[in-house]
Structures are given as C-alpha cells and as structure tokens.
Amino acid sequence: MKRCLMILIFAGATAVARGGTIVHMNRTDFDGKTRPEAVLYAQEGQFRMDTLDADGHVSNFVLVRDGSVWQVDVPKRTFFEIDQAALAGQQSQMQEQMQAMLQRLPPDQRAAMEERMKGLMAGRSQSSLTMTDTGKTDHVGSWDCEVWQVRRSGAVSSDACIASRGSLTGGDELVDAVHKAAAITKDVVSALPGARATAQQMAVYGKVDGFPVRTRQLGSDGSVESAETVSSVERQSLPADRFAIPKGFTQTTLGGGHE
Amino acid sequence: MRRRAACWIFPLIAGALLAACSKPPSSSAAQPAVASHRPPMAQSYSDEFHYKDPCSLLQTTEVEAALGAPLGTPPYRASNGSPVADGPDCVYQTAKFQTVTLSVDYDGGQSEYHIGDLLNGILKGTTVLSDKAKQAMVSEDGSQITGEWDEAKLTPLNCCIFNALRADQMISIDFTGSTMTLKAAAALVDAAFKRIDKPLALDGAANVAAAMAFLGGRPRPMKPCDVLSRAEVEAIVGTLATTPKAQDGTCTYELPRQPGRLPLVYELEFAWQGGNYDFRQDLQVAKMSGAAVGGMQMQVTTQQQVPDRPPADGTGARAAATAQKSAGTHTVTTTKTLSVDEMAKQMNGQTFTQAAHLTGAENVTNAGPWERSAGVGAKFEAVRKDVLVKVSTFANEDKAKALVSAAMSKF
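Small disclaimer: the values here were computed from a predicted structure and weren't measured.

### Things to note about the overall build of chain A
What chain A contains, in helices and strands, is five helices and twelve strands. Of all 259 residues assigned to chain A, the portion counted as buried reaches 36%. Across chain A, contacts joining residues at least 24 apart in sequence account for 53% of those joining residues at least 6 apart.

### Description of the overall build of chain B
Along its length, chain B carries 13 helices and 16 strands. Sorting the 411 residues of chain B into buried and exposed places 33% on the buried side. Residue pairs at least 24 apart in sequence account for 57% of intrachain contacts in chain B once pairs closer than 6 positions are excluded.

### Remarks on the packing of helix α2 (residues 60-67) of chain B against helix α6 (residues 182-195) of chain B
Residue and element names in this part refer to chain B. At their nearest, the axes of α2 and α6 sit 9 Å apart, and the two run at 165° to each other. Judged by the inter-axis angle, α2 sits roughly antiparallel to α6. When the axes of α2 and α6 are compared, the crossing they make is right-handed. From α2, E62, V63 and A66 reach across to α6, where they touch A184, A185, A187, L188 and A191.

### Some thoughts on the pairing of strand β13 (residues 329-339) of chain B
Residues and elements named next belong to chain B. Counted residue by residue, β13 has zero buried out of eleven residues, so it is predominantly exposed. Relative to β13, strand β11 (residues 297-307) runs antiparallel, the two being bridged by eleven bridges. Its bridge partner lying in β13, Q303 is registered against T333.

### Quick word on the nonpolar core
Judged by nonpolar contacts, the single largest core of 51 residues is most densely connected at L63, V72, I162, L174, V178 and F211 of chain A. Discounting residues that sit within four places of it in the chain, V72 of chain A has contacts with N60, F61, L63, F79, I245 and F249 of chain A. Formed by 41 residues, the second largest nonpolar core is a distinct cluster that contains C55, L67, L154 and F175 of chain B.

### Description of the sheet that holds strand β7 (residues 169-174) of chain B
Residues and elements named next belong to chain B. If you walk across this open sheet you meet the seven strands as β2-β1-β3-β4-β7-β6-β5, and the pairing is antiparallel. The outermost strands of the open sheet, each flanked by one partner alone, are β2 (82-83) and β5 (151-154). Pairing analysis gives two bridges linking strand β1 (residues 71-79) to β2, with the strands arranged antiparallel. Residue pairing for β2: A78 is matched across the bridge by P83. Against the sheet, α6 makes contact with β4 (99-105), β6 (161-166) and β7, and its axis sits at roughly 30° relative to β6, the strand it touches most.

### Examining the sheet that holds strand β15 (residues 379-384) of chain B
What holds strands together in a sheet is hydrogen bonding between their backbones, with the strands either parallel or antiparallel. Residues and elements named next belong to chain B. The antiparallel open sheet is built from six strands, whose spatial order is β8-β9-β10-β16-β15-β14. Only two strands of the sheet have a single neighbouring strand rather than two, namely β8 (245-247) and β14 (372-376). Shown here is a sheet whose adjacent strand axes are inclined to one another by a mean of 20°, direction ignored.

### Brief notes about unusual backbone geometry
Positive phi is not limited to glycine here, since D66 of chain A has a value of about 50°. Unusually for a residue other than glycine, D386 of chain B sits at a positive phi of about 70°. Mapped onto the elements, D386 of chain B comes out in the loop between β15 and β16 (387-392).

### Some remarks on the pairing of strand β7 (residues 129-140) of chain A
Residues and elements named next belong to chain A. Across the twelve residues of β7, zero count as buried, placing the element largely on the outside. Sheet topology note: the β7/strand β8 (residues 143-152) ladder contains nine bridges and is antiparallel. Its bridge partner lying in β8, L129 is registered against R152.

### Observations regarding the domain arrangement of chain B
The extent of an interface is frequently quoted as the accessible surface area lost upon association of the parts. Residue and element names in this part refer to chain B. Along its sequence, chain B is carved into domain 1 (54-213) and domain 2 (224-292 + 352-408). A straight line from the C-alpha centre of domain 1 to that of domain 2 covers 31 Å. Opposite the twelve residues of domain 1 that make contact, domain 2 presents twelve residues.

### Things to note about the packing of helix α8 (residues 230-237) of chain B against helix α13 (residues 397-408) of chain B
All names here are of chain B. At a minimum axis distance of 9 Å, the contact between α8 and α13 shows a crossing angle of 150°. With respect to their mutual orientation, α8 and α13 come out roughly antiparallel. In the crossing of α8 with α13, the sense of the turn from one axis to the other is right-handed. Only K399, A402, L403 and A406 of α13 make contact with α8, whose side of the interface consists of E232, V233, I236 and V237. In the contact of α8 with α13, the residues fall into six nonpolar, no polar and two charged.

### Details of α2 of chain B
Residue and element names in this part refer to chain B. Among the residues making up α2, those that are buried are V63, A66 and L67. Down the axis, α2 shows its buried residues gathered within 95° of arc, on one side only. Along its buried surface, α2 packs onto β3 (89-94), β4 and α6.

### Re the environment of K223 of chain B
Looking at where K223 of chain B falls in the secondary structure, it is placed in the loop between α7 (208-215) and α8. Looking at K223 of chain B, the number of C-beta atoms within 10 Å reads 10, which means it is exposed.

About the cut-offs
- Residues numbered from 1 in each chain as written.
- Chains lettered and ligands numbered in written order.
- Predicted model: local features only at pLDDT ≥ 70, side-chain atom pairs only at ≥ 80, totals over all residues.
- Helix = DSSP H or I, 4+ residues; strand = E, 2+ residues; numbered from the N terminus.
- Buried ≥ 20, exposed ≤ 12 C-beta atoms within 10 Å, placed from the backbone.
- Contact = placed C-beta atoms within 7 Å.
- Axes fitted to C-alpha atoms, helices over the stretch in contact; angles between N-to-C directions.
- Parallel < 35°, antiparallel > 145°, perpendicular 65-115°, else oblique.
- Left-handed = near helix turned anticlockwise from the far one by under 90°.
- Pairing = 2+ DSSP bridges.
- Core = buried A, V, L, I, M, F, W, Y, C linked by C-beta atoms within 7 Å.
- Domains from an automatic or database assignment.
- Nonpolar A, V, L, I, M, F, W, Y, C, P; charged D, E, K, R; others polar.
- Arc of directions from axis to C-beta.

Below you can see the structure in the form of structure tokens.
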C-alpha cells in the first residue's frame, strides 16, 4: 500500500514536472498604447498561439502538433490545415486571380505591372535573413536577455531580446516546443518558391536556445514601430483539449471553402 | 487590418501566408479538399471561446412563452437573417417559421442607437407617426413599458423593432416576423439586459448547422402561375379569357370582359420568404394609412327645421330671434367637428378604416389553411409556413379567398 502511494506521489510529481507553459504577451504600438496581444501554450512538444482581439478574446489561433499546422478562426467556428498542398493551391489561385486582373488592364499598364511583379518575386526569392548576437544585454520585466538583430537583405528589420531557457519558468518545455514548431513550419513553407526567406527564418529560430521576451519591429531609420513583450510566464498542467480543435468547429480549406 | 504579432515564433504564418486566408468564406473561394491529416478534435465541448453570444442572453423557454409556440430549431447566430457562426444576431424561429431576432451591441451602442434620431425628429414633425406610435413606451394594453435600460424607442416607420440602450450597450429585438406583442418583446430585452454580465451557457454558433437543415424544410419557391393549374383556377373563378400571365411573383387571371363593365382580374401574389414579416408590415402600413385618413377632421354643418315654441321668458325670446323665422317653424343650424371615421360610422354603421380594411388588425375568425390572414385595403392576405399569398378582392372576395386557399394546399 505504502509502495502504491509512493508511486502515485511520484506519478503526480512527474505530471506536474511535465506540465505546460503559458506565455502572455503584450503589444505596444508607436502611440505608446499597450494591450494583450497573444498567449502561447506549450506542452509535450505541442504548441498553440492565440491572437487576441481588442477585448482580449481569442480571435484565432495556430496549433502545431503531430507534424501539422492548423489555423482556427474562433468567431467563425472554422479551421483548416496549413500544409504544402494547401499553400501551393492558395498561391496558384492567387496567381490566377492576378493574371485575370492583368488581362483586364490596358497593354501598357499590364506590361508595367508584370515588370514590377517580376522584380518583387525576384526580391522575395533572393532576400536573405540573418540573425546576429549584438553582444548587448538588456532587462525586460524580470528577465535578463541578450539582444539579437534580425537583418533582411542586409538591413536591420527587427531585434529580439532572448532570455535563456534556464531563466524562464518552464523554459525547457517552451523552447523545445518552439523548436519543434519552427521545424514543422519550415517544412511546410519550404515547398513554396516565394517563401525562401521564411524557411530561412524558421531555421534560424530553431537554433536560438532561448525565448524572446521582447521583439521590436524597427523602421528604416532604426526607430521602434512596435514591440511585443512577454508580460508573464506560468507553469500549469494543461488539458489535452487545449491543444485540440474545439468540438463543433467546421473544417474549411485555406481559401475558405468547406470540405 | 491591423498588423499581426511580430512574435518570434511564426511571423510568416501569422502574417504573409495567413493574410491570404483571412477573406470571408465563400463558395467561389472554395478549394479542393487538401487536408492530409486527421484534425485533432477536442473530445468534449468547451466554453473557452464562448463570449459575446447574443443567444446566451435568453432562455429558450422564455422566448417560446413570448411567442406562444415552441421553437422549430434551437436559437442560432445569424447575420442578415442567414445562419452564420459569428453573426451579431440571435434568431428564434417557431416550427412555422415565425421569427424574432435579438441583436446585441456589446459596445458602441450609443452611436448605433442614435443613428435614427434625425429621421425620428423629422417624422415627429409630421403626421406620419400616430400618437400611439409616438408614445412608443406604452404597450398594446396601455401599460407602461419599463426595464433595465436608460432609454428605449421603437424604430420609426416600423411597428415592431424595439431598441433599448444602457450605457454603451444596446439590445434590439425585431419581432415583425411574428405575432409577438411589444410588451412581451420588451420583457425579453429586459431579461437579456439582466443577463448581459452573466450570460447563459447557450451557444448560438453551435446551432447554425441545425438551423440550416431546418430552413431547408421551407416551402420551395414556385413560378406564380405554376402553383395552380388553369383548370384549378377556372373551377373556382369560371372560364378565363386569356392564358394566366406571370410577372415577378404575381400571376394574373383575367375573366371575359362584359360589355360596359370594368375588366375583372384576380392577381395572386406570392412571397416565398419572410411572409410573416411582410404581412405584419403590410398591416402596419394599412393601420398608419387608416389612422391618417380616418382621423382627418372635418366640419359638418346640418340645418334642421323645428317647430316654433312660445318663448317662456326673455332668454328664449333672444334665442328665437337668432333662428330664421318661417310659418310655424324655424331652421336650426348646427356645426360639428367629426373625424372621417365617426362620420362613416354614423352613415354606414362602420368606420372608414373598418370598411376599407385599414385597421391593421388580423382576422382571427377567418378559417382557412392559413396560419394568419387579414383584409388589407383592396386585398386579402394570408400566411402559411412563412409564405405570404395576397390576392385582389375587387372581382369577388369569396372566390379570391378560395384561390388563396387552393394555392396554400400546394405547400
């Protein structure tokens, strides 16, 4: 009996130790207003990111688990899978729409538009993304962090202050889940010709051994356009349904059609 | 659209890729089924995402009591009457498709409430609104309507849209598509306000699929001249002069012309959706027209010859002096102010609005295959399964009703 009790206590302790991590993030816009922006959930390699509306309600969330990425539209009660085939189909549909639109333009305008699009596509496929450690440190909330810079085609586009996994509550769970999610996302987008930069980005994120407690979007003059900051990190055992699509929601495809 | 989170984790998923996915669902945008994995569905229902649901403010039973009939489908979220999971309205529908719609503005109610103020002000300066309509917060039985709101009003030019405002939250109930009374509708709004901070666990989005199936059971629209065959029509009204003619939702049946008489026609008109709504609006328009004409005041002067009476005293002598004297009699002239309705009643025993079917009242004794019916001006109107059928009664009222009855047996 005593042995059984010990096993139960151990099992309980394990469950707590293997509990999930919840990260609350705020967004501060250039006007200085701050509001809740997103909530991240990570547990046993599963990952969910909620985007909040102005009232703090979940407007949509991305779920990454079992090698798949799902997008859930909460107000519409719909969801769809983001996979290579769906993305390719979506891109092809957009190209068809663009071609149809071009056909309606006068010849001179069409030629100019086609030239611009070529340049845009070339820029996308050739753009490179790099992340470098600036060697600087900062303090965000209760966390010490290292400042990294993100450069897109050579220009600094954003920076991130990364706290080590050890300094974060549930840091191991969180960082492992992020790595896994980044790897899956990289796989999903790698097939898309225009998503080379994103695939690179995912690869880079997968290598960072920590979690960004602050990210800032920077203007071309280096000014901060907006910032997302971690406001709190909790450790909590999360129910399995937190990483599932809510019952009663309807599956659609990427373009919005019902399956 | 605001910029999505530049969150470190999924900048592209949350941005560039999904921007293309944020357009509303439409059949034209439908893609082939491409999902390659089984969706990880939750095992049980959760109220995690249940908020700002207009269907969570009223118990189904209290709406059924106000409607006087059970619902045909659970309350569902809708937009412009169509079932959609994120719709701002909650629709309550009886098995016979009578409809009440509750709309909730959880914020921004002030501006929404005052949108119609200008129109209201203009209408109050005219005779378009009856006195009863101006006193919007008095119910049909004359009792005062009160509730959990700061102010309330009826939407102008409509009998049955009640709006109530509390701080910046507004609740509206549109009961035009039903037989519900203003008193009952206002009581529902009162109940909804009381629950707005602690809503019920009713999920209107979850009932959308059931609602679509329910609405699929509505009578299917038909071409107006296909509802009844020519033989069926001739069995009721007699031989027709020409082939029935269809235009929009109306079929016209013309009888042989009699020399020196006006041509006789029956126009049978169908509205295949929103019949209850249109019917009540027609009654309201009729009522307003009836009030405008029947309430018109006019001076009526009558002259009466009465026998002379000997004066009893001096005052009598003065009165007699004002009358035009004649041999043994005199003329008494009386001027009265009467309304058109009063005058018609004195002459025919019926008010003008009653005789012209402009009272706005339903006919509760007129039995037929319909659920509701009334004479409205020069037409007879009836509703069955939310399909409104109207017919002109000029040729022969009984035969016109028989046509409606025969048409309604087809759905």
